Amino acid sequence: MTAAPAVPVAVLHEDADLLAVDKPAGRLVIPGRAGGEPSLREELEARFGRLWVVHRLDRNTSGVLVLARTAAAHRALNLAFDRGEPRKRYLALVRGAPPAEQRIEVAIAPGRKGRMRPAAPDDPRGKPSATVVRRLEAYPAHPLGGGPLALVEALPETGRTHQIRVHLAAAGTPLAVDPAYGDAAPLLGPGGEPVLARTPLHAARLALRHPSDGRELVLEAPLPADLAGVLALLRGTPGGG
């Protein structure tokens, strides 16, 4: 299991109703079942007081995370997320050669050991799910090995567990590193050194209505250093971009 790195948690927005932070990769949002590892929520509560989790990001996903600071804000934000009102934009590094744009509509059902899977047509546990994926950059030849890679943006229309990871894998373009739904091997640099060992998925942007006055709040998180470094390697080769 990945140990939590000592990465400062940057605050993206703070007011009386909510707190938005740039979640570092490698952190659990809430305490795990086994315990023994401080969660991001607990760390933030030590700084900001009582917090309510509105939505979650996987341990190794980085980017925009919103928490409520009051019970009323928590109820309002939960309703908004349940209705699919917030607009989310993720950046992902994937294997293969995705098309310029596609809408992946694949129902998702629970799998084994906490994983999800594409649902069979007759599976009553399958939940309708859709993600729009757009190719931003393609790297058919690069120094990291393992075949072509691409940078995509993923715009989920629903909010199922592991939705983007399952949909990308179902489309034949899994995340470049993904032990659950793709290849677990890290990306290696030109000298054979690991340059990325975690799932390259980043919650880059979240737009939502403020729970108090309804104004639009747009939250953005910059690309973390590890993903930015990998993209610099990819962009520095002929044929990349």
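Nothing here was measured: the structure is a model prediction, and the numbers come from that model.

> Help me understand the overall build of the protein in this model?
Within the protein one finds four helices and 14 strands. For the protein, the C-alpha radius of gyration of 18 Å lies close to 18 Å, the compact-globule estimate for 241 residues. Along the longest, intermediate and shortest principal axes, the C-alpha atoms of the protein span 50 × 45 × 40 Å. Split into buried and exposed, the 241 residues of the protein put 46% on the buried side.

> What am I meant to see in helix α2 (residues 71-82) here?
In an α-helix, one turn spans 3.6 residues; hence positions three or four apart end up facing the same way. Across its 12 residues, α2 extends 16 Å between first and last C-alpha, which sits within 8% of the 16 Å expected from 1.5 Å per residue. The complete set of buried residues in α2 reads Ala73, His74, Leu77, Ala80 and Phe81. Looking straight down α2, one finds that the buried residues subtend no more than 130° of arc, so they occupy a single side. What points out from α2, more than 90 degrees from its buried face, is the exposed set Arg75 and Asp82. Against β2 (18-23), β3 (52-53), β4 (62-68), β5 (87-95) and β13 (201-209) lie the buried residues of α2. Remark: Gly84 follows α2 within two positions and exhibits a positive phi of approximately 75°.

> Would you take a moment to explain the environment of Arg59 for this structure?
Take Arg59: it is sitting in the loop between β3 and β4. For Arg59, a relative accessible area of 14% puts it in the buried group. In terms of polar contacts, Arg59 uses its side chain to reach the side chain of Glu37, at 3.1 Å.

> When you look at unusual backbone geometry in this model, what are you seeing that I'm missing?
Excluding glycine, a negative phi dihedral is what most residues carry, and trans is how most peptide bonds are arranged. Residue Lys113 is not a glycine yet carries a positive backbone phi of 55°. Relative to the helices and strands, Lys113 resides in the loop between β7 (108-110) and β8 (116-118). Of note, the phi angle at His162 is positive, near 60°, even though the residue is not glycine. Mapped onto the fold, His162 is located in the loop between β10 (149-156) and α3 (163-170). Overall, His162 belongs to the buried group, its relative accessible area being 18%.

> Looking at this model, I keep getting lost on the pattern of salt bridges. Mind explaining?
Where charged atoms of side chains with opposite charge meet at close range, the side chains can pair. The final tally for this structure, using the stated rule, is 21 salt bridges. Bridged by salt links that share partners, the residues Arg89, Glu101, Arg134 and Glu153 form one connected network.

> Quick question: what am I supposed to make of the side chain of Glu153 here?
Counting through the fold element by element, Glu153 comes out in strand β10. A relative accessible area of 10% places Glu153 in the buried class. A polar contact is formed between the side chain of Glu153 and the side chain of Arg89, at a distance of 2.5 Å. Not counting residues up to four positions away in its chain, the partners in contact with Glu153 are Arg89, Tyr90, Leu91, Val132, Val133, Arg134 and Leu136.

> Just checking my understanding: could you explain helix α4 (residues 225-235) for this structure?
Where α4 is concerned, the buried positions are Leu227, Val230, Leu231 and Leu234. Relative to the axis of α4, the buried residues are bounded by an arc of 100° and lie together on one face. On the buried face of α4, the contacting elements are β5, β9 (130-139), β10, β11 (187-188), β12 (194-196) and β13.

> Is there a simple way to think about the pairing of β5 in this case?
Regular strands place side chains that alternate from one sheet face to the opposite one. As defined by bridge partners, β5 adjoins β13 across six bridges and the pair is classed as antiparallel. In the sheet register, Lys88 faces β13, and the bridge partner there is Leu206. Direction of pairing for β5 relative to β10: antiparallel, over a ladder of six bridges. What sits directly across from Arg95, in β10, is Leu149.

> I tried to follow the confidence of the model for the protein on my own but got confused; where do I start?
Caution is warranted with low-pLDDT regions, since their predicted coordinates should not be read in detail. Overall, the predicted model of the protein reaches an average pLDDT of 92, with 94% of residues at or above 70. This model gives residues 1-5 a pLDDT under 50, and the stretch forms 12 contacts once residues within four places in sequence are excluded.

> What should I look at first to understand the environment of Arg205 in this one?
Along the polypeptide, Arg205 turns up in strand β13. According to the relative accessible area criterion, Arg205 is partly exposed, its value standing at 29%. On a C-alpha basis, the gap between Arg205 and Leu91 in space is 9.2 Å, while along the polypeptide they are 114 residues apart. What Arg205 contacts, discounting residues up to four positions off in sequence, is Val64, Arg87, Lys88, Arg89, Val218, Leu219 and Glu220.

Criteria and cut-off values
- Residues numbered from 1 in each chain as written.
- Predicted model: local features only at pLDDT ≥ 70, side-chain atom pairs only at ≥ 80, totals over all residues.
- Heavy atoms only, no water.
- Helix = DSSP H or I, 4+ residues; strand = E, 2+ residues; numbered from the N terminus.
- Rg over C-alpha atoms; globule rule 2.2 N^0.38 Å.
- Buried < 20%, exposed > 50% of the residue type's maximum accessible area, 1.4 Å probe, protein only.
- Expected span 1.5 Å × (residues − 1).
- Arc of directions from axis to C-beta.
- Contact = heavy atoms within 4.5 Å.
- Polar contact = N/O pair within 3.5 Å; in protein donor to acceptor, adjacent residues only side chain to side chain.
- Salt bridge = Lys/Arg side-chain N within 4 Å of Asp/Glu carboxyl O.
- Pairing = 2+ DSSP bridges.
- pLDDT = per-residue confidence, 0-100.

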